[in-house]
Amino acid sequence: MSSLQYVVDVIDLRNFYRSGAGQMVRAQLSRKLKPKLNLASGQVFLGLGYALPYLDELTPGGVTALAFMMARQGCTQWPPEGDVRAALVDDYDLPLLESVADTVLVTHGLERAEDPGEMLQEIWRVLAPQGRLLLVVPNRRGLWAASEKTPFGYGQPFSRSQLQHLLKEARFSVIGWDQALVAPPFSHPSLIRMAAGLDGTLNRVFGRFSGVTIVEAAKQVYAFSSGKRTRRLVPRLRPVLLPSPRPASRTKHE
């Protein structure tokens, strides 16, 4: 098994977020993402890629959170208790009706897509009019994209201009830009704590070299898509999420 295959596996993503470095990443990104979310009771919050650490942290009461994980990296069951709300999906053909999701958060997703543009078009389809998209992607200029010590060092990193072009082609309007993880990807506990404490200061000075870029965008609805495949127009059933038995010995989709 190659190092790329190993790192993108859902089990290794889960293990990364259990490490000291992963907990620091989760805390910093959650702090950046929380003010950008304006979720109200009854809305649908979709996490695509591997968004479980952030769904747990950022989903308020009364909001339905769904976790869609891409087939190439596998799937874990979530949440630990109650109805299952995680699914293994084709990121170019999400199992949702049109205009269902109010907010979509993509982490560890866009950089691993074989066709990022088509992935964004499919997200556009399932978003409600004026729905919000939050992308967290590795920054091409950052040290995290150049290091294989974390999941952000695998896949295709992006510059701001590349993201701007992809979003425009997929009919999204960019609302704002942000960045996080400016300090190098340390692994020693004391250096991790130091990096967390200095992140705000480093961000002001070296923000363009941050580890990840955060983009907030809104769905544009003034244009009709003529490039969608015919299967997009076939009516779909809204998925009903029910409790299911949880095998004790399996933690990912084969």
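For the structure, check the block above.
Residues numbered from 1 in each chain as written. Predicted model: local features only at pLDDT ≥ 70, side-chain atom pairs only at ≥ 80, totals over all residues. Heavy atoms only, no water.

1. Quick notes on the overall build of the protein chain
Each helix and strand counted, the protein chain has eight helices and seven strands in total. Buried positions account for 52% of the 254 residues belonging to the protein chain. For the protein chain, the share of sequence-separated contacts (at least 6 apart) that also reach a separation of at least 24 residues comes to 73%. Looking at the protein chain as shown, the accessible area adds up to about 12500 Å², and 54% of this sits on carbon and sulfur atoms. (Helix = DSSP H or I, 4+ residues; strand = E, 2+ residues; numbered from the N terminus. Buried < 20%, exposed > 50% of the residue type's maximum accessible area, 1.4 Å probe, protein only. Contact = heavy atoms within 4.5 Å. Areas by Shrake-Rupley, 256 points an atom, 1.4 Å probe, with all protein chains shown as cover.)

2. A word on the nonpolar core
Residues Val25 and Leu29 are the most contacted members of the largest nonpolar core, which totals 35 residues. Taken together, the elements giving at least two residues each to this core come down to helix H2 (10-18), helix H3 (20-33), helix H4 (52-58), strand S2 (64-70), strand S5 (127-138) and strand S7 (212-219). Those residues in contact with Leu29 that lie beyond four places of it in its chain are Tyr54, Val136, Phe152, Ala180, Val212 and Ile214. Leu94, Val106, Leu110 and Ala113 belong to the second-largest nonpolar core, a separate cluster that totals 32 residues. (Core = buried A, V, L, I, M, F, W, Y, C linked by side-chain atoms within 4.5 Å.)

3. What about the packing of aromatic side chains?
A complete count under the given rule lists four aromatic pairs for this structure. On the numbers, 6.1 Å between centres and 80 degrees between planes, the contact of Trp144 with Phe152 is edge-to-face. As far as the burial class goes, Trp144 and Phe152 line up, both buried. Ring pairs connect the aromatic residues Phe16, Tyr17, Tyr50 and Tyr54, which therefore count as one cluster. The cationic tip of Arg171 hangs over the ring face of Trp124; the distance from NZ or CZ to the ring centre is 3.7 Å. Above the ring of Trp124, the side-chain terminus of Lys219 is found at 4.2 Å from the ring centroid. (Phe/Tyr/Trp six-rings, centres within 6.5 Å; stacked < 30°, edge-to-face > 60°. Lys NZ or Arg CZ within 6 Å of the ring centre and 35° of its normal.)

4. Details of unusual backbone geometry
Following Trp78, the chain continues into Pro79 via a peptide bond in cis, with omega recorded as -5 degrees. Relative to the helices and strands, Pro79 resides in the loop between S2 and strand S3 (86-89). Its identity as a non-glycine residue notwithstanding, Ser99 has a phi of 60 degrees, on the positive side. Classification of Ser99 as partly exposed rests on a relative accessible area of 35%.

5. Some details on the sheet that holds S7
Ordered by their spatial adjacency, seven strands build an open sheet running S3-S2-S1-S4-S5-S7-S6, and the pairing between neighbours is mixed. The sheet is open, and its two edges are formed by S3 and strand S6 (172-180), each paired on a single side. Within this sheet the neighbouring strands show an average axis-to-axis angle of 20 degrees, counted without direction. With four bridges connecting them, S2 and S3 associate as parallel partners. (Pairing = 2+ DSSP bridges. Axes fitted to C-alpha atoms, helices over the stretch in contact; angles between N-to-C directions.)

6. Section: the environment of Ala128
In this structure, Ala128 sits in strand S5. Put simply, Ala128 and Val221 are 93 residues apart on the chain and 9.4 Å apart in space, counted from C-alpha to C-alpha. In this structure Ala128 touches Ser99, Val100, Ala101, Asp102 and Lys219, once residues within four positions along its chain are discounted.

7. Some points on the pairing of S7
Taken residue by residue, a regular strand's side chains alternate between the two faces of the sheet. Most of S7 sits inside the fold, with eight of its eight residues counted as buried. Pairing of S5 with S7 involves seven bridges; the strand directions are antiparallel. Looking at the pairing, Leu135 lines up with Val215 of S7. Here S6 pairs with S7 via eight bridges, running antiparallel. When the bridges of S7 are listed, Gly176 appears paired with Glu216.

8. Regarding the side chain of Asp91
Looking at the element boundaries, Asp91 is found in the loop between S3 and strand S4 (101-107). Apart from residues no more than four positions distant in its own chain, Asp91 is found in contact with Met70, Arg72, Ala113, Met119 and Glu122.

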